[in-house]
Amino acid sequence: MSLTTDLFRRMLREEWRLHEHLFGGRRFAAFPVAVAVLSAGGFALLSYTGTDFGAIVAGLHGLLFFFGLQVGTIGLVGRDALRDALGDVTLLVFSARTLPVSWNRLLAVFLWKDLVYYTGFFIAPIGIAAVPTALDAGNAPDRIALLWLTLMGAFALGVTLSLTLAGAATRSRWLVVVPVALVVAAVLWPGIDALAYTPYALYRAPSALAAVRGFAPVAVFGVLGPVLFRPADSGAYRTASERFTTLESWLRDDDGLTTRALLEVSRSSGSVWKVLFSMGVLFAVTALLLKQITAATGLQPAPGVAFGTLLGLGSFTTYSWVTQFDSADEYLRYPVSVATVFAAKRRAYLLLSVPTGLVSLAIAAVWYDPVALVPGLVVLPLLSVYVFGVTAFVAGLSPTELLFDTPRFLAFGAALSVVAMPLLVAALVEPAFGPGATVAAVALAAVAAVVGIALQRRAGPRWERRLRG
């Protein structure tokens, strides 16, 4: 057995054991079942409301592409782990200094492990759940098999693109600006079919040319990511004392917790640019979906509500960055309550996520009527407050790990869906119902923000009891 094959097998085993240790075997093994059940319910509901199966498939490809982008940020986490900045995280992918294997090979094997692991654990249940709806829409089995292939391709495109951008950022931050600008321009520029260069093109119009052209970016990025990526050195890093003092004074942050959270993000790999990148990707996906809805139905959804809703939901990634280096047990050593910690985290989270989302809305004004985007200026911050409250209450200071715990995943998904679905429906029906739909959307976002504040206040005592119990 070759070293590469052995590493691949051991990384798969390591991934399973890590999650089994965190959540318990049965709770974690139930996760694919939960994904399949939720997906089947979503497909049935969309079919019942008359949504065309082709539109469902297009949206599904976009969602898996975005999910892949988030998974691909392992490169940024890897650089921090090599500096021993993540505590007890010692995965095989971070072992280049102790194993006779190059960092690039480890990262390449890890990339393929992620593609296989998440395909079996997350994408396969979605594909299986889509079968009844696909058959009901008149799709033959070979067409369904093609759907599974292109869904895997959409996820792989997101993972490899994200890793390539992270790799480019390790050499020069400005090197990332050019490809991101080109991707956004290709998505939004009239007359350019950006989807032709994605795996979705093969499902849309099967042909040898579509297969080659659609999967070529996956192959290119799959090679470029590990090759470009340059790990950080493992030397010691001093605390930025002057920056801390200046920022603490400017924020009037008496306990320094908000300042600490902001500096942790800015000094980690990718800095605050990763927040802008996450929001930028979601902005591009939203713009693409609006473009496709308009082309398919002839209706122009309310862009302000749509952008505000999806960017607000996307702020969950900012929560993950703000809590990336936290350990709940750590705060038990300090004379602060967990509630105070959450309040400081919310302040840092809003300082990062809301301005970034507003920048995206400002960019959208190039293609959309600025007046139509105004509701997004209200919906975005309100929904961001709600997302923070829900995440803090459900997942505490470990959002990335705990949301793979099946019961908490279901609770989190339900809490977001209760608000997100009506807001997106309001955006879609605005052309038919007029400004009343937008007013209702803003009112719902305001109610959600109040609920988010209440949940965040309850999160502190809840997690403190668990820590001390």
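Since we're looking at a predicted model, the values are computed, not measured.

Caption draft 1: A look at a nonpolar patch on the surface. A grouping of W273, L276, V359, I363, V366 and W367 is seen on the molecular surface, where their side chains present a nonpolar patch of about 530 Å² in accessible area. Those elements that place two or more of their residues in the nonpolar patch are α14 (273–297) and α17 (338–364). For W367, the location among the structural elements is in the loop between α17 and α18 (370–395). The exposure class of W367 is partly exposed, given its relative accessible area of 35%.

Caption draft 2: Local environment of the pattern of salt bridges. Here the structure, examined in full by the defined rule, presents 2 salt bridges. Taking the shortest distance from any N to any O, the salt bridge between R9 and D6 comes out at 2.5 Å. Remark: D6 and R9 occur in helix α1 (residues 3–23); sequence separation between them is 3 residues, near one turn of the helix. With a relative accessible area of 31%, R9 lands in the partly exposed category. The salt bridge involving R10 is made with D6; its shortest N-O contact spans 3.0 Å. Residue R10 and its partner D6 are located together in helix α1, separated by 4 residues, close to a single helical turn.

Caption draft 3: Main features of the nonpolar core. Grouped together as the largest cluster of nonpolar side chains are 101 residues, with contacts concentrated most on F122, F155, F307, L311, F342 and Y386. Of the residues forming this core, the biggest block, 12 residues, is contributed by helix α8 (residues 141–171). Each of domain 1 (1–232) and domain 2 (250–468) contributes no fewer than three residues to this core. Those residues in contact with F342 that lie beyond four places of it in its chain are Y319, F388, A392, G396, L397, Q456, A459, G460 and W463. By size, the runner-up hydrophobic cluster in this structure holds 6 residues, among which are L7, M11, V101 and L106.

Caption draft 4: Region of the structure containing the packing of aromatic side chains. Throughout the structure, instances matching the rule amount to 8 aromatic pairs. Aromatic pair Y117 and Y118: ring centres 5.7 Å apart, planes at 85 degrees, arrangement edge-to-face. You can call Y117 buried: its relative accessible area is 10%. Among the residues examined, Y118 registers a relative accessible area of 10% and is labelled buried. Taken together, Y117, Y118, F121 and F155 form an aromatic cluster joined through their ring pairs. Sitting above the plane of the Y197 ring, R213 keeps its charged end 5.6 Å from the centroid.

Caption draft 5: Spotlight on α18. Relative to the 38 Å expected for 26 residues at 1.5 Å per residue, α18 spans 36 Å between its end C-alpha atoms, a close match to the ideal helical length. Of all bends in α18, the biggest is about 25 degrees, found at V379, and the proline P381 comes one to four residues later. Phi turns positive one or two residues past the end of α18, at G396, with a value near 65 degrees.

Caption draft 6: The arrangement of the side chain of S360 in detail. Mapped onto the secondary structure, S360 falls in helix α17. Residues within four places of S360 in sequence aside, it is in contact with M279, F283 and L311.

Caption draft 7: Broad picture of the packing of helix α6 (residues 103–129) against helix α11 (residues 208–228). For the pair α6 and α11, interaxial distance at closest approach is 8 Å and the crossing angle is 145 degrees. In this structure, α6 meets α11 at a crossing whose hand is right-handed. Here N104, L107, A108 and L111 of α6 come into contact with α11, specifically with G222, P226 and V227. Split by residue class, the contact of α6 with α11 holds 5 nonpolar, 2 polar and no charged.

Caption draft 8: Quick peek at the environment of L416. Inspection of the secondary structure assignment puts L416 in helix α20 (residues 406–433). Judged by its relative accessible area of 14%, L416 is buried. In this structure, the C-alpha to C-alpha distance between L416 and V390, residues 26 residues apart in sequence, is 8.0 Å. Ignoring anything within four residues of it in the chain, the contact list for L416 reads L313, Y386 and V387.

Conventions and cut-offs
Residue positions are given per chain, counted from 1 along the sequence in the order it is written. In view of the model being predicted, local features appear only for residues whose pLDDT reaches at least 70, and side-chain atom pairs are presented and counted only at 80 or more, with totals across whole chains, interfaces and linings using the full set of residues. The basis for the side-chain values is all heavy atoms of the structure; hydrogens and waters are excluded. Each patch groups residues whose relative accessible area exceeds 30% and which form no salt bridge, using 9 Å between like charges and 5 Å between nonpolar side chains of Val, Leu, Ile, Met, Phe, Trp and Tyr. Accessible surface area values rest on a Shrake-Rupley calculation with a 1.4 Å probe, where residue burial reflects the displayed protein chains alone. What makes a salt bridge here is a side-chain nitrogen of Lys or Arg within 4 Å of a carboxyl oxygen of Asp or Glu, nothing more. Helix and strand definitions follow DSSP, with helices as H or I runs of at least four residues and strands as E runs of at least two, each counted in order from the N terminus. Classification of residues uses two cut-offs on accessible area relative to the type maximum, computed with a 1.4 Å probe and protein chains only: under 20% is buried, over 50% is exposed, and between them is partly exposed. In this text, buried Ala, Val, Leu, Ile, Met, Phe, Trp, Tyr and Cys residues form a nonpolar core when linked through side-chain atoms within 4.5 Å. Marked domain ranges trace back to an automatic or database domain assignment. The contact definition used throughout considers only heavy atoms, calling two residues in contact when any of these lie within 4.5 Å. In summary, the pairing rule links any two rings of Phe, Tyr or Trp, Trp by its six-membered ring, whose centres are within 6.5 Å, and it sorts them by plane angle into stacked for under 30 degrees, edge-to-face for over 60 and tilted for everything else. Distance and angle both matter: a charge sits over a ring if NZ of Lys or CZ of Arg is within 6 Å of the ring centre and within 35 degrees of the ring normal. Take the residue count of a helix, subtract one, and multiply by 1.5 Å to get its expected span. What the bend at a residue measures is the angle between two axes, fitted to the seven residues ending there and to the seven starting there. Lines are fitted to the C-alpha atoms to define the axes, a helix being fitted only along its stretch in contact, and any angle between axes, read from their N-to-C directions, falls within 0 to 180 degrees. In this scheme the crossing of two helices becomes right-handed for a clockwise turn of the near helix relative to the far one and left-handed for an anticlockwise turn of less than a right angle. Polarity classes work like this: nonpolar for Ala, Val, Leu, Ile, Met, Phe, Trp, Tyr, Cys and Pro, charged for Asp, Glu, Lys and Arg, and polar for all others, with Gly in that last group.

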